[in-house]
Amino acid sequence: MTDELVALLAGRIVGMVRRDRRDQLSFTYDEIWRAAAGAYPLLLSMPLAAAAHGHKPVEALDIVGSLVCVEVDSQTLPKIRDDHRCG
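Predicted, not measured: the structure shown is a model, and the values here were computed from it. (Residues numbered from 1 in each chain as written. Predicted model: local features only at pLDDT ≥ 70, side-chain atom pairs only at ≥ 80, totals over all residues. Heavy atoms only, no water.)

Draft legend 1. Quick peek at unusual backbone geometry. Phi at Ala10 takes a positive value of approximately 55°, unusual for a residue other than glycine. Here Ala10 lies in the loop between strand E1 (3–9) and strand E2 (12–19). Unusually for a residue other than glycine, Asp23 sits at a positive phi of about 70°. Turning to its location among the elements, Asp23 is positioned in the loop between E2 and strand E3 (25–29). The class for Asp23 is partly exposed, based on a relative accessible area of 45%. (Helix = DSSP H or I, 4+ residues; strand = E, 2+ residues; numbered from the N terminus. Buried < 20%, exposed > 50% of the residue type's maximum accessible area, 1.4 Å probe, protein only.)

Draft legend 2. Looking closely at the nonpolar core. Ala7, Leu9, Val14, Val17, Leu25, Phe27, Tyr29, Trp33, Leu42, Met46, Leu48 and Val58 together form the largest nonpolar core, which totals twelve residues. Where this core is concerned, the elements lending two or more residues are E1, E2 and E3. (Core = buried A, V, L, I, M, F, W, Y, C linked by side-chain atoms within 4.5 Å.)

Draft legend 3. Expanded view of the pattern of salt bridges. Counted by the stated rule, this structure contains four salt bridges. Arg19 serves as the salt-bridge partner of Asp23, at 3.0 Å between the closest nitrogen and oxygen. Taking the relative accessible area as the measure of exposure, Arg19 reaches 33% and is therefore partly exposed. Between Glu31 and Arg34 there is a salt bridge whose closest N-O contact spans 3.0 Å. One end of the pair, Glu31, and the other, Arg34, are both in helix H1 (residues 31–35), three residues apart, so they sit about a helical turn from each other. For Glu31, a relative accessible area of 49% gives the class partly exposed. (Salt bridge = Lys/Arg side-chain N within 4 Å of Asp/Glu carboxyl O.)

Draft legend 4. Looking closely at the packing of aromatic side chains. Within this structure, the stated rule accounts for two aromatic pairs. Measuring from ring centre to ring centre gives 5.0 Å for Phe27 and Tyr29, while their planes differ by 85°; the resulting arrangement is edge-to-face. Its relative accessible area of 0% is what places Phe27 among the buried residues. Residue Tyr29 is classed as buried on the basis of its relative accessible area of 2%. (Phe/Tyr/Trp six-rings, centres within 6.5 Å; stacked < 30°, edge-to-face > 60°.)

Draft legend 5. The arrangement of the environment of Thr28 in detail. By secondary structure assignment, the location of Thr28 is in strand E3. Along the chain, Thr28 and Gly54 lie 26 residues apart, while their C-alpha atoms are 8.9 Å from each other. Apart from the residues within four sequence positions on either side, Thr28 is in contact with Val14, Gly15, Met16, Arg18, Ala51 and Ala52. (Contact = heavy atoms within 4.5 Å.)

Remember, this is a structural readout, not a statement about activity or role.
Dropping the structure here:
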């Protein structure tokens, strides 16, 4: 089983945090965020040039303090993506 969290910044989806069966974290930037004017990386060690990042830089990211993460199911995510804003 993989745990997934949608990462939001100022109400915009910036990516997805995942924890795999081995308890390893990964982060994948949302393609809309990567292409947006003014988009920026969450950490310098997680540049936008790469869509996905592995455990080490993601672990350094203070997910609770820096991002608002909302757990969603497959029915909720398409609704959020419709206008790419939450709340």
